[in-house]
Amino acid sequence: DYPQNHSRGRMVGISSIMIILGTLVVADGFRRLPTIFRQQGYDGITAGQYTFWLAAACVTVACIFLRIGLKGGTPATKQERPALSLLIRSGLRHARNPRIALAYSAAFVGRSDLVILGSFTVLWGTLAGLDQGMYAADAVRSGALLFIMANLAALCWSYFMGLIIDRFNRVTALAIGTTLAAVGFLSMGFVDNPLDPATWPLFWLLGVGQISCFSAAQVLIGHEAPFKERGSVIGAFGLCGAAGIMIATVVGGLLFDNWLRAGPFLCVCAANVVILVLCVLVRVMAPGGARQIA
């Protein structure tokens, strides 16, 4: 509701930067808390509970700030809001808009990108460390370093991707994002030892591709979601993303165990290629306007 369409990409880029910073803070900060609590004399279970309670307190404080800082309600007046029965069906109904259907598909793949990067990068690096004779703790740190490097690259790239999105038709921007994602995930097929510093630029490219795809999809759905039913359409977009997370986790795990350690990445690369083809088709048949009011 907040961004103007001509600057929606930049706002999503800034939002992505904050998401990545939050991820890195949690990954580096909260993981230390159980150890700190145990050093103060608490048992392992209590230390874990205190860590979760502190995380819940942080979320509560954030909710208070959001409630104070964000304007309440929807852009439509109460009299203009559709009936609840209509809203329940609206997510599926608006998929008849090819650009919204494309955004749903991109959410499915974009969230798959995220879970593959978050789960299997760390796992791959950890197993590579164990294969090289590292202690378990050192191997896990080596795997986490790959994840951090990819996210730092995404952090540096997010705002520039937002600028790119704002300069192109939204479908074209999504095609650019999925192309970067496909290239980034494909590059994992050339990695033999993920802990070799020579492969680190490929993990930077992986992070750039992952954030590019999902940022472009977010802008497209925000651009196209109808004024009075925006929440329902965004909810359906999120549901597609959740489905992508679950399926990518299962399929990625099977490929990792039974084929190649780069298998999950190559699978997501193929999915991004499919979205790229859909982008081309939608761009030709139903491109929408670069500055269309949602």
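Basis of the calculations
- Residues numbered from 1 in each chain as written.
- Predicted model: local features only at pLDDT ≥ 70, side-chain atom pairs only at ≥ 80, totals over all residues.
- Heavy atoms only, no water.
- Patch = residues over 30% accessible without salt bridge, like charges linked within 9 Å, V, L, I, M, F, W, Y side chains within 5 Å.
- Areas by Shrake-Rupley, 256 points an atom, 1.4 Å probe, with all protein chains shown as cover.
- Salt bridge = Lys/Arg side-chain N within 4 Å of Asp/Glu carboxyl O.
- Helix = DSSP H or I, 4+ residues; strand = E, 2+ residues; numbered from the N terminus.
- Polar contact = N/O pair within 3.5 Å; in protein donor to acceptor, adjacent residues only side chain to side chain.
- pLDDT = per-residue confidence, 0-100.
- Contact = heavy atoms within 4.5 Å.
- Axes fitted to C-alpha atoms, helices over the stretch in contact; angles between N-to-C directions.
- Parallel < 35°, antiparallel > 145°, perpendicular 65-115°, else oblique.
- Left-handed = near helix turned anticlockwise from the far one by under 90°.
- Nonpolar A, V, L, I, M, F, W, Y, C, P; charged D, E, K, R; others polar.
- Buried < 20%, exposed > 50% of the residue type's maximum accessible area, 1.4 Å probe, protein only.

**Remarks on a nonpolar patch on the surface**
- A cluster of nonpolar residues, Val273, Val274, Val277, Leu278, Val280, Leu281, Val284 and Met285, forms a patch on the protein surface that exposes about 720 Å² of accessible area.
- If you trace the backbone, Val277 turns up in helix H10 (residues 263-285).

**Quick look at the side chain of Arg230**
- Within the secondary structure, Arg230 is located in helix H9 (residues 230-258).
- From its side chain, Arg230 meets the backbone oxygen of Gly222 in a polar contact 2.8 Å long.

**Points about the confidence of the model for the chain**
- Summing up the model confidence of the chain, the mean pLDDT is 88 and the portion of residues at 70 or higher is 93%.
- Within the model, pLDDT remains below 50 along residues 290-294, and this stretch shows 18 contacts once partners closer than five positions in the same chain are excluded.

**Structural notes on the packing of helix H5 (residues 98-131) against helix H6 (residues 136-167)**
- Taken N-terminus to C-terminus, the directions of H5 and H6 make an angle of 140°; their axes are 7 Å apart at the nearest point. Comparing the axis directions of H5 and H6 gives the class oblique. H5 and H6 meet at a crossing whose hand is right-handed. For the pair H5 and H6, the contacting residues are Leu117, Gly118, Thr121, Val122, Gly125, Thr126, Gly129 and Leu130 in the first and Ala136, Ala139, Val140, Gly143, Ala144, Leu146, Phe147 and Ala150 in the second.
- When grouped by side-chain class, the residues that make up the contact of H5 with H6 number ten nonpolar, six polar and no charged.

**As for the pattern of salt bridges**
- Within the structure shown, the criterion is met by six salt bridges.
- Its salt-bridge partner being Asp131, residue Arg261 comes within 3.0 Å of it at the nearest N-O pair. Of this pair, Arg261 sits in the loop between H9 and H10 while Asp131 sits in helix H5, and the two are 130 residues apart along the sequence.
- Its relative accessible area of 56% is what places Asp131 among the exposed residues.
- With a shortest N-O distance of 2.2 Å, Arg141 and Asp138 are connected by a salt bridge. Of this pair, Arg141 and Asp138 both sit in helix H6, separated by three residues, roughly a single helical turn.
- On the basis of relative accessible area, Arg141 is assigned to the partly exposed category, the value being 49%.
- On the accessibility criterion, Asp138 (30% relative accessible area) is partly exposed.
- Sharing partners across several salt bridges, the network here consists of Arg10, Asp166 and Arg170.

**Looking at the packing of helix H8 (residues 200-224) against H9**
- Look at H8 against H9: their axes get within 10 Å of each other, and the N-to-C directions meet at 155°. One way to sum up the angle between H8 and H9 is to call them roughly antiparallel. In this structure, H8 meets H9 at a crossing whose hand is right-handed. The residues of H9 that touch H8, namely those facing Phe214, Ala217, Gln218, Ile221 and Gly222, are Arg230, Val233, Ile234 and Phe237.
- Here the residues of the contact of H8 with H9 sort into six nonpolar, two polar and one charged.

**With respect to the environment of Met161**
- Relative to the helices and strands, Met161 is located in helix H6.
- For Met161, a relative accessible area of 1% translates into the label buried.
- For the pair formed by Met161 and Arg10, sequence separation is 151 residues and the distance between their alpha carbons is 7.9 Å.
- If we ignore the near neighbours within four places in the chain, the residues touching Met161 are Ala173, Ile176, Gly177, Leu180, Ser212 and Ala216.

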